[in-house]
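# Observations on chain architecture
Each chain is listed here by its residues.
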Amino acid sequence: MRTQVGIVGAGPAGLLLSHLLHLHGIESVVLESHSRAYVEARIRAGVLEHPVEKLLNESGVGARMRELGLPHEGISLRTGGRDHRIDLKALTGQGIMVYSQHQIVRDLIARRLADGGDIRFDAAAVALCDVATDAPSIVYQKDGKQHRLDCDVIAGCDGFHGIARDTIPASVRQSFDREYPFGWLGILADVAPSSHEVVYASHDRGFALLSMRSPSVSRLYLQCEPEEDLAAWSDDRIWSELSTRLACDGFTLRDGPITQRGVTPMRSFVVEPMQYGRLFLVGDAAHIVPPTGAKGLNLAAADVAVLTRALTAWFRTGATEHLARYGETCLRRVWKAQRFSWWMTSLLHRFSSHTPFERRVQQAELDALFGSVAASTALAENYVGLPLILS
Ligand code: APR
Ligand code: PHB
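Below is a summary of the structure that appears in this document.

What counts, and at which threshold
Residues numbered from 1 in each chain as written. Chains lettered and ligands numbered in written order. Predicted model: local features only at pLDDT ≥ 70, side-chain atom pairs only at ≥ 80, totals over all residues. Heavy atoms only, no water. Helix = DSSP H or I, 4+ residues; strand = E, 2+ residues; numbered from the N terminus. Near = heavy atom within 4 Å. Polar contact = N/O pair within 3.5 Å; in protein donor to acceptor, adjacent residues only side chain to side chain. Areas by Shrake-Rupley, 256 points an atom, 1.4 Å probe, with all protein chains shown as cover. Buried < 20%, exposed > 50% of the residue type's maximum accessible area, 1.4 Å probe, protein only. Salt bridge = Lys/Arg side-chain N within 4 Å of Asp/Glu carboxyl O.

Here the residue pair Glu272 and Pro273 is connected by a cis peptide bond, since its omega of -5° sits within 30 degrees of zero. Tracing the chain through its elements places Pro273 in the loop between strand E16 (258–272) and strand E17 (275–276). Even without a glycine there, the phi angle at Asp143 is positive, about 55°. Relative to the helices and strands, Asp143 resides in the loop between strand E10 (137–142) and strand E11 (145–156).

Okay, structure coming up:
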């Protein structure tokens, strides 16, 4: 079996890449180790930057997002029982779209299959071969048998725990890693959101985040230990802690049935280079950000935009400039998002290692932000999203 672009992973990166390549007349095959039901049910991020919302609409997969998504014009930072609203729209002219990642995955799968796309579920890539030659291939397992897919190019869209990144020789690749001394305990709850916009709370007991998925489904998080034992958290304890950390004049946190819960560790990670021969790393396969800045999904989409431009030029005209500079182009945006995500995380979380001086400086950083249009504008510009391709 042969295709032009072999794509490992049917997450947002792999599916969006396959869709955009199809629109440019480029054939691909997507290999996904899990089932369709599994990937469509996986609850992850929920905030789309304006450029990503635009990309989904312009590429014809935005209909359900326009119907079900929640356009927001601002976010709030809450500390000391007071709200400080960052008016994204007024400061940047743009807002964000709150639309669940698993819905985007559903939309992309449906569109690819409607367009005759080749997505192979329960198909785990076990090796990426000859990536340094002009005849790479993917060996994968499906239905108990081993198969080989010959490609012109391989896109490693297989996430942080995939095999693509390690296909780049250790002598060639360099990793940049930072683990944070906390995680997020996240819940989905069948209760109307207690705020019409996303609220980030910085409290002495720790960070908390109020988000949402629909007018009747809330998404909330609270800072916890990296290896927090979920069994120690009853529903009542979760709601009580969230209520304490999100407390604010005139605010009441509504609670309700918790339908999903989980603990996510927090890390910043980048691997360089993001390409090697005919292998190109995309999304979480190449970088991980702490979710405080809501950048993970959006960075994956930006990588896809860069790779689509490069592969379209190469397949159509043989031009290699964009392809040769794929990783360099992506990393300009990746590192800006890493900085922003690290800054938001450092600003809003409680660090047990902080000295009293460091705690005061952290509080002063928040106060300085609230008192400065320039500082608030810088936050807003990064939050709504930089251009997808930074030249
Ligand atoms: N073979 C086939 N598929 C694989 C393999 C493999 N060896 N290893 C991993 N996969 C699949 C996973 O099952 C997953 O569906 O690759 C997909 C990777 O998807 P994501 O982890 O969602 O990564 P990405 O598409 O880059 O999206 C990044 O999604 O996970 C969030 O926080 C992340 O918001 C960010 C966004
Ligand atoms: C979410 O809605 O899941 C969400 C929102 C904002 C973040 C992270 C996650 O920073």
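Okay, the site of ligand 2 next. As a structural note, the neighbourhood of ligand 2 is formed by Gly46, Val47, Trp184, Tyr200, Leu209, Ser211, Arg213, Arg219, Tyr221, Pro291, Thr292 and Ala294. The side chain of Tyr200 places a nitrogen or oxygen atom 2.7 Å from an oxygen atom of ligand 2. Interatomic distance of 2.7 Å between a side-chain N/O atom of Arg213 and an oxygen atom of ligand 2. Here ligand 2 has 280 Å² of accessible area as a free molecule, and 97% of this is covered by the chains. When residues in the shell around ligand 2 are grouped by element, the largest group, 3 residues, is from strand E14 (residues 206–214).

Glancing now at the environment of Gln174. Take Gln174: it is sitting in strand E12 (residues 174–189). What makes Gln174 partly exposed here is its relative accessible area of 45%. Linking Gln174 and Cys157, residues 17 residues apart in sequence, is a C-alpha distance of 19 Å.

Moving on, we get to the environment of Glu67. Residue position: Glu67 is located in helix H4 (residues 63–68). Note: C-alpha distance between Glu67 and Glu272 (205 residues apart in sequence) is 39 Å.

The next thing to look at is the pattern of salt bridges. Evaluated as defined, the whole model comprises 22 salt bridges. For Arg332, the salt bridge identified is with Glu328, shortest N-O distance 3.6 Å. Of this pair, Arg332 and Glu328 both sit in helix H10 (residues 326–348), 4 residues apart, which is roughly one turn of the helix. Note on Glu328: relative accessible area 41%, which makes it partly exposed. Beyond isolated ion pairs, a larger network of salt bridges with shared partners links Glu321, Arg325, Glu328 and Arg332.

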